[in-house]
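What follows is the residue order along each chain.
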Amino acid sequence: MYDQQQVFSDSLYVMVYGGSMVFALIACIYLLFRRSNAIAPEVTPPLRLRRWVAAFFAIMVMSHISWFVLVKYSLLFGNPLINLIVAAGLDCVVLIPFIMGMLLAMLQDRRRPLWPFVFASLPVAALFVVIAYRHDLVLVSWVQGYFMLITIVIFIYMAYAVRQYSLWLRHNYADLEHKEVWQSFLILAFCLIVLSFYVYSSSGMTYEYVLQTFDYLFVVILLWRVETLQALDNNDDNDDITEATGLEEVIVLHSSASQTTIPGNIGLLLEQYCEGGQLYLRKDITLSELSKAIGTNRYYLSLYFTRQDTTYNAYINGLRIQHFVRLYQEAVAADRSFTAQQLAQESGFRSYSTFATAFKQRMGQTVMKWMRNVEK
């Protein structure tokens, strides 16, 4: 076994180690006490995510302190091996719940239970207690195997949860800026890489330096995710019917589409208020806001779109693209100068990237290619 006390004899490593601890501490204080964003000032991040990430940074700081105290000075226990096992065990026990807490806080469709992952970390604690008591490192392979199992379960669960979240967004929001789901997979992948490296890699100075590099990157990536994720207003308690969410909502809507009676005038109300009144030009208009504007509830409006074999996202952005086409034709006919970005903004899109994606999905070609074809 590599002598962990020797690691802290390297002055350069101690500086890197202390720097990552201070970096995490500053990030924790920043998230707890700064109310506005430095990276994306226009974004209001979810408070729950901000607190979870701040708590994770605090755990990182305490982990650094515990390793330094237990391993460097062999405090608490006289046996360096037991100190090493206790420090590693504490890390492993708290890593699973806090990483999952952060990942689940990124998904704003509903609150998902964290207790299964807390219980999942208990066998790790039990194994480390046995290892410390018996001084038997053979059981370390059991810990590694268990972590591999938990890693696979977490990845499958998060893939399913992110899929739920993606469907929920498309059934409730037209603008998906700062609400994209692929970043959650990026954070998940990075967490699993760091966790796997921590558990399965061999010891050595190179390993220690790489691990500290991961700590710096972890802080930067999590800060970026917090600062760029827009908080969503998911308070629909006043709706007449309590709804399911995400993939469950879609399943309920499809299964009840032929059984539930909905008001027959929803289509006319949409034509009158949303299309005629051009409500679709309002940036970030949600399904709940539109349902209230036309005098119905969110459940019936969702069910209406399901029966039309479409989603709220597709409906609103379809109207916006039609508006863009009209503006384009009028500008060309009047020989006015314009840009596609300008017309997209006037059509209700918050950003050109969202518009370009929606346009290609609906029209089957890029904006520039479509404009060139029209000109020909």
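These figures come from a predicted structure and were not determined experimentally. (Residues numbered from 1 in each chain as written. Predicted model: local features only at pLDDT ≥ 70, side-chain atom pairs only at ≥ 80, totals over all residues. Heavy atoms only, no water.)

1. Thoughts on the overall build of the protein
Looking only at helices and strands, the protein has 16 helices and zero strands in total. If you take every contact in the protein between residues at least 6 apart in sequence, the share linking residues at least 24 apart comes to 74%. Of the roughly 18500 Å² that the protein leaves accessible, carbon and sulfur atoms contribute 62%. (Helix = DSSP H or I, 4+ residues; strand = E, 2+ residues; numbered from the N terminus. Contact = heavy atoms within 4.5 Å. Areas by Shrake-Rupley, 256 points an atom, 1.4 Å probe, with all protein chains shown as cover.)

2. A few points about a positive patch on the surface
A cluster of basic residues, K360, K369, R372 and K376, forms a positive patch at the surface. Here R372 lies in helix α16 (residues 367-375). Residue class for R372 comes out partly exposed when judged on its relative accessible area of 48%. (Patch = residues over 30% accessible without salt bridge, like charges linked within 9 Å, V, L, I, M, F, W, Y side chains within 5 Å. Salt bridge = Lys/Arg side-chain N within 4 Å of Asp/Glu carboxyl O. Lys, Arg positive; Asp, Glu negative; His and termini not counted. Charge placed at Lys NZ, Arg CZ, Asp CG, Glu CD. Buried < 20%, exposed > 50% of the residue type's maximum accessible area, 1.4 Å probe, protein only.)

3. Thoughts on empty space enclosed by the protein
Considering all chains together, one arrives at one cavity of 30 Å³ or more under this definition. In this structure, the largest cavity encloses a volume near 50 Å³. Forming the walls of the largest cavity are L95, I96, I99, L103, I154, L188, L192 and L195. Of all elements in the fold, only α4 (80-105) and α7 (182-200) reach the threshold of two or more residues within the lining of the largest cavity. Among the elements that make up the lining of the largest cavity, the one with the highest residue count is α4 (four residues). Here the residues of the lining of the largest cavity are counted per class, giving eight nonpolar, no polar and no charged. (1 Å grid on protein atoms, 1.4 Å probe; cavity = no way out; pocket = protein on both sides within 12 Å on 5 of 7 lines; lining within 4 Å. Points joined across faces, edges and corners; volume = space filled by probe spheres on them. Nonpolar A, V, L, I, M, F, W, Y, C, P; charged D, E, K, R; others polar.)

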